[in-house]
Amino acid sequence: MENVQKRTKKLRLNRRTRTILVFLVTMTILGCITVMGLAMHSDRYGTNFQIKNVAPCAVHLFGTDWMGRDMFMRTVKGLSTSIFVGLLASAASSVLALFLGVAAGVCGEKATAVFNWFVDLFMGVPHLILLILISILMGKGIKGVTTGVILTHWCGLGRIVQAEIAALRNSQYVLAAQKLGKSKAWIAVRHVLPHVFPQFIVGLVLMFPHAIMHEASITFLGFGLPAEEPAIGIILSEAMKYLTTGTWWLAVFPGACLLFVVCLFELMGNQLRLLMDPYSAQE
Amino acid sequence: MWKFIIKNTLRMLLLLWVVSVVTFAMVEISPIDAVSAYVGEYAVTEQQQQKIAEYWGLNESPVVRYCKWAKNVLHGDMGVSMIYRKNVMEVIGERFGLSIVLMGCAWVLSGLIGLFLGIVAATYQGRLADKAIKVYCLLLESSPSFWIGMLLLIVFSVRLRLFPMGLASPIGMSVSEATLGQRLSHLALPVLTLSFTGISKITLQTREKMIQVLESDYALFAKARGESVWGFVFRHGLRNVLLPFIILHFGSVSELFGGSVLAETVFTYPGLGNATVQSALKGDVPLFLGITLFSTIFVFCGNLAANVLVAVANPQIREGGNRGKRSKKNEKVTA
């Protein structure tokens with residue numbers, strides 16, 4: 001048993017190094033995709049009827065569709081849009097969660113009750129229906145999806161933050177600060193925020209997969225990004241119509257790329273979570 | 001007991017009321033135009049449109065219209081769906097009958113698979129089986145469910161021709177006419193797709209909980225007594241894993257509903273999820289409002305069932321001991 005442990009220790013990097021590695025790899029890949037997507041000229045993913053329905057080959061890695069659009073270029077462009085929307089939405093949503101959670105935690109029991117009631121309300125309606133509703137309300141498009149994701153994803157993290165703070169509220173140093181006459185805002189910023197910050201970061205990173213996935217789902221259903229934009233959801237919903245014609249590459253590769261990006265974030269979030277937890281950080 | 005029932009009924013009514021107000025207001029602000037949605041592709045003059053608006057009372061203030069709508073809903077009349085030209089209640093009832101079969105099968109399937117994988121992973125913690133299951137969960141959690149559905153379609157329907165492409169019964173046949181075998185073959189792929197949404201969460205949670213149990217003192221004692229690993233898992237492990245499992249699995253009804261919307265869209269399964277998308281896309285306001293309210297009740301029932309079952313399954317609460325009661329009010333009363 002000891003032997004095995006020694007061997008694995010030699011072979012394996014510790015959690016901190018691994019987390020940093022995963023983080024760097026993720027960031028590089030995401031950066032590359034985003035830069036490629038933003039810098040790409042629209043000719044690259046435009047129509048070219050001379051090369052219709054080409055199966056994946058060296059020139060067209062992911063093949064081309066029925067309008068001769070290069071699927072690799074479309075996927076990269078779509079991914080960069082999705083990543084942008086996902087990052088924006090998850091960042092905004094977690095800030096909202098932090099703000100509401102801190103407010104509910106600091107302002108006492110009545111605020112907590114109101115907060116809990118709101119969370120119940122948001123959780124009471126199926127996520128997807130709420131997303132559809134908000135997206136329609138905002139007139140669909142990037143604005144609709146982003147607002148929808150922001151407004152529906154704060155509940156879980158907000159609850160965690162609020163619970164953390166409720167536990168902090170009666171701690172000695174917060175009580176002491178109160179007795180010293182510090183304002184609630186001061187306590188929130190100086191004493192409470194540093195405490196919930198690790199949870200917040202983990203929550204933020206783990207929210208991204210959900211955000212990007214919901215963006216793709218909503219777009220797939222037709223309530224998200226407009227059809228002329230090459231988003232992953234659009235690509236997949238178009239591929240849906242051509243499934244029976246045997247052009248499998250239209251669906252397989254774009255979805256797999258989305259899976260890959262989401263997987264990276266999920267890994268990063270999990271590593272971060274384990275690192276923040278003193279019990280598992282030293283494993 | 002009565003207190004519990006009354007409290008929860010009141011909570012649900014309040015929730016429903018707020019949801020109805022918020023949804024109504026949101027549809028009101030949104031760019032959906034009920035008249036043009038109703039008219040569809042027909043060429044209709046401006047005058048006729050105005051007549052329709054007048055006939056429906058669209059010129060009245062939103063508050064008045066909400067009150068009228070709410071009154072009708074309380075009488076069991078949710079209006080007429082514009083795209084199906086039927087009573088909303090009728091549409092929901094019909095569609096839900098199909099959806100509940102799909103959701104129910106997927107729900108049971110994902111629960112069983114998740115529980116099984118979680119227990120196996122925990123029992124063989126750190127070994128190959130555990131690692132494989134963890135990777136499998138990561139992949140499942142990161143893949144969009146509708147994409148999995150499309151992959152299944154490509155493999156099993158387009159290539160292997162084992163299962164039909166979609167719908168709930170063969171083309172040109174209503175669901176009630178289809179034989180059990182036909183219905184099952186139409187159900188198989190959607191159920192499989194939908195069941196994937198829940199598996200990874202349940203597996204990971206069960207695994208974590210089971211590892212805790214396996215590392216406990218009584219697990220060590222059982223081992224010292226000569227109990228086999230699987231014997232321990234079945235005698236002690238399952239009971240301890242069951243509570244968090246119930247909470248998670250019954251609490252996942254909301255996600256199940258969302259997943260069914262996607263799965264039904266991919267497989268053109270004529271259930272409630274399909275109707276949701278159609279009603280929202282085509283601006284069928286009465287149907288969409290009806291579905292929102294209905295799905296809220298559905299989710300609420302799921303969460304309520306979780307609470308009740310936990311109370312029943314947890315001996316600390318069932319026996320009425322003080323240890324089980326966590327709420328502050330009860331503590332104050334007993335003290």
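### What about the overall build of chain B?
So, step 1. A count of helices and strands for chain B gives 15 helices and zero strands.
So, step 2. For chain B, the spread of C-alpha atoms along the three principal axes comes to 85 × 65 × 35 Å.
So, step 3. Within the span of chain B, comprising 335 residues, buried residues form 43% of the whole.
So, step 4. Across chain B, every contact between residues at least 6 apart in sequence was considered, and the portion connecting residues at least 24 apart equals 71%.
So, step 5. Charge separation in chain B, taken as the distance between the mean sites of 31 positive and 21 negative side-chain charges, equals 11 Å.

### Looking at the interface of chain A and chain B
Many analyses report the size of an interface as the accessible area lost when the parts associate.
So, step 1. In this complex, chain A contributes 43 residues to the contact, which on the side of chain B involves 46 residues.
So, step 2. Summed over both partners, the interface of chain A with chain B comes to about 3,800 Å²; 81% of that surface belongs to carbon and sulfur atoms.
So, step 3. Considering only the side of chain A, the residues that lose the most area to chain B are Ile129, Leu133 and Leu137 of chain A, jointly responsible for 15% of the buried surface there.
So, step 4. Mapped by element, the contributors of at least two residues to the side of chain A that touches chain B are helix 4 (109-124), helix 5 (127-137), helix 8 (184-221), helix 9 (232-241) and helix 10 (249-276) of chain A.
So, step 5. The element best represented in the side of chain A that touches chain B is helix 10 of chain A, accounting for ten residues.
So, step 6. Class assignment for the residues of the side of chain A that touches chain B results in 30 nonpolar, eight polar and five charged.

### Side note on the pattern of salt bridges
So, step 1. In total, this model carries nine salt bridges over all chains according to the counting rule given.
So, step 2. Note that Glu238 of chain A and Arg74 of chain A form a salt bridge whose closest N and O atoms lie 3.4 Å from each other. In this pair, Glu238 of chain A sits in helix 9 while Arg74 of chain A sits in helix 3 (residues 71-106), placing the two residues 164 residues apart along the sequence.
So, step 3. The salt bridge partner of Glu255 of chain B is Lys201 of chain B, with a shortest N-O separation of 3.1 Å. Of this pair, Glu255 of chain B sits in helix 11 (residues 253-266) while Lys201 of chain B sits in helix 8 (residues 180-214), and the two are 54 residues apart along the sequence.
So, step 4. Glu255 of chain B gets classed as partly exposed once you look at its relative accessible area, which sits at 42%.
So, step 5. Through salt bridges with shared partners, one network takes in Arg69, Arg74 and Glu238 of chain A.

### Describing unusual backbone geometry
So, step 1. Of note, the phi angle at Lys140 of chain A is positive, near 50°, even though the residue is not glycine.
So, step 2. In this structure, Lys140 of chain A sits in the loop between helix 5 and helix 6 (141-169).

### What about the confidence of the model for chain A?
So, step 1. Here chain A averages 83 in pLDDT, and 95% of its residues register 70 or above.
So, step 2. Within chain A, helix 1 (residues 2-11) of chain A has the poorest average pLDDT of any element, 54, and helix 5 of chain A the best, 90.

### Some words on the packing of helix 12 (residues 272-281) of chain B against helix 13 (residues 285-313) of chain B
All names here are of chain B.
So, step 1. In the contact formed by helix 12 and helix 13, the axes pass within 9 Å of each other and the chain directions differ by 140°. In terms of their interaxial angle, helix 12 and helix 13 are classed as oblique. Seen from above, helix 12 lies across helix 13 with left-handed handedness. The segment helix 12 lies against helix 13, with Leu272, Ala275, Thr276, Ser279 and Ala280 engaging Leu287, Phe288, Ile291 and Phe294.

### A few points about the domain arrangement of chain B
Residues and elements named next belong to chain B.
So, step 1. Partitioning chain B into domains gives domain 1 (18-74) and domain 2 (88-334).
So, step 2. Computed over C-alpha atoms only, the centres of domain 1 and domain 2 are separated by 37 Å.
So, step 3. The interface of domain 1 with domain 2 comprises nine residues on the first partner and seven residues on the second.
So, step 4. Between domain 1 and domain 2 lies a buried interface of about 750 Å² when both sides are counted; carbon and sulfur atoms form 88% of it.
So, step 5. Counting every contact that joins domain 1 to domain 2 gives zero salt bridges.
So, step 6. Our count for the domain 1 to domain 2 interface comes out at zero residue pairs in polar contact (both at pLDDT 80 or more).
So, step 7. Contributing elements (two or more residues each) for the side of domain 1 that touches domain 2: helix 1 (2-29) and helix 4 (62-74).

### Quick notes on a nonpolar patch on the surface
Residue and element names in this part refer to chain B.
So, step 1. Where nonpolar side chains cluster on the molecular surface, the patch consists of Met1, Trp2, Phe4, Ile5, Ile6, Leu10, Leu13, Val308, Leu309 and Val312 and spans about 1,000 Å² of accessible area.
So, step 2. At the level of secondary structure, the elements contributing two or more residues to the nonpolar patch comprise helix 1 and helix 13.
So, step 3. The dominant element in the nonpolar patch, judged by the number of residues it contributes, is helix 1, at six residues.
So, step 4. Note on placement: Trp2 falls in helix 1.

### Notes on the packing of aromatic side chains
So, step 1. Taken as a whole, this structure holds 21 aromatic pairs over all chains when the rule is applied.
So, step 2. Ring geometry for Phe62 of chain A against Phe253 of chain A: centres 4.8 Å apart, planes inclined by 15°, an arrangement best described as stacked. Here Phe62 of chain A is found in the loop between helix 2 (15-39) and helix 3, whereas its partner Phe253 of chain A is found in helix 10, with 191 residues between them in sequence.
So, step 3. Using a relative accessible area of 13% as the deciding quantity, one classes Phe62 of chain A as buried.
So, step 4. Look at Phe253 of chain A and you get partly exposed, because its relative accessible area is 23%.
So, step 5. Relative to Phe163 of chain B, the ring of Phe156 of chain B has its centre 6.2 Å away and its plane inclined at 75°; by these criteria the two rings are edge-to-face.
So, step 6. The class of Phe156 of chain B is partly exposed, set by a relative accessible area of 26%.
So, step 7. Judged by its relative accessible area of 27%, Phe163 of chain B is partly exposed.

### Looking at the state of the cysteines
So, step 1. The final tally for this structure, using the stated rule, is zero disulfides over all chains.
So, step 2. For the unlinked cysteine Cys105 of chain B, the closest cysteine sulfur is that of Cys301 of chain B, found at 20 Å.
So, step 3. Looking at Cys137 of chain B, it has no disulfide partner, and the nearest cysteine sulfur is the one in Cys263 of chain A, 11 Å off.

Rules used in this analysis
Residues numbered from 1 in each chain as written. Chains lettered and ligands numbered in written order. Predicted model: local features only at pLDDT ≥ 70, side-chain atom pairs only at ≥ 80, totals over all residues. Heavy atoms only, no water. Helix = DSSP H or I, 4+ residues; strand = E, 2+ residues; numbered from the N terminus. Buried < 20%, exposed > 50% of the residue type's maximum accessible area, 1.4 Å probe, protein only. Contact = heavy atoms within 4.5 Å. Lys, Arg positive; Asp, Glu negative; His and termini not counted. Charge placed at Lys NZ, Arg CZ, Asp CG, Glu CD. Buried area = accessible area lost by both parts, 1.4 Å probe. Nonpolar A, V, L, I, M, F, W, Y, C, P; charged D, E, K, R; others polar. Salt bridge = Lys/Arg side-chain N within 4 Å of Asp/Glu carboxyl O. pLDDT = per-residue confidence, 0-100. Axes fitted to C-alpha atoms, helices over the stretch in contact; angles between N-to-C directions. Parallel < 35°, antiparallel > 145°, perpendicular 65-115°, else oblique. Left-handed = near helix turned anticlockwise from the far one by under 90°. Domains from an automatic or database assignment. Polar contact = N/O pair within 3.5 Å; in protein donor to acceptor, adjacent residues only side chain to side chain. Patch = residues over 30% accessible without salt bridge, like charges linked within 9 Å, V, L, I, M, F, W, Y side chains within 5 Å. Areas by Shrake-Rupley, 256 points an atom, 1.4 Å probe, with all protein chains shown as cover. Phe/Tyr/Trp six-rings, centres within 6.5 Å; stacked < 30°, edge-to-face > 60°. Disulfide = S-S within 2.5 Å.

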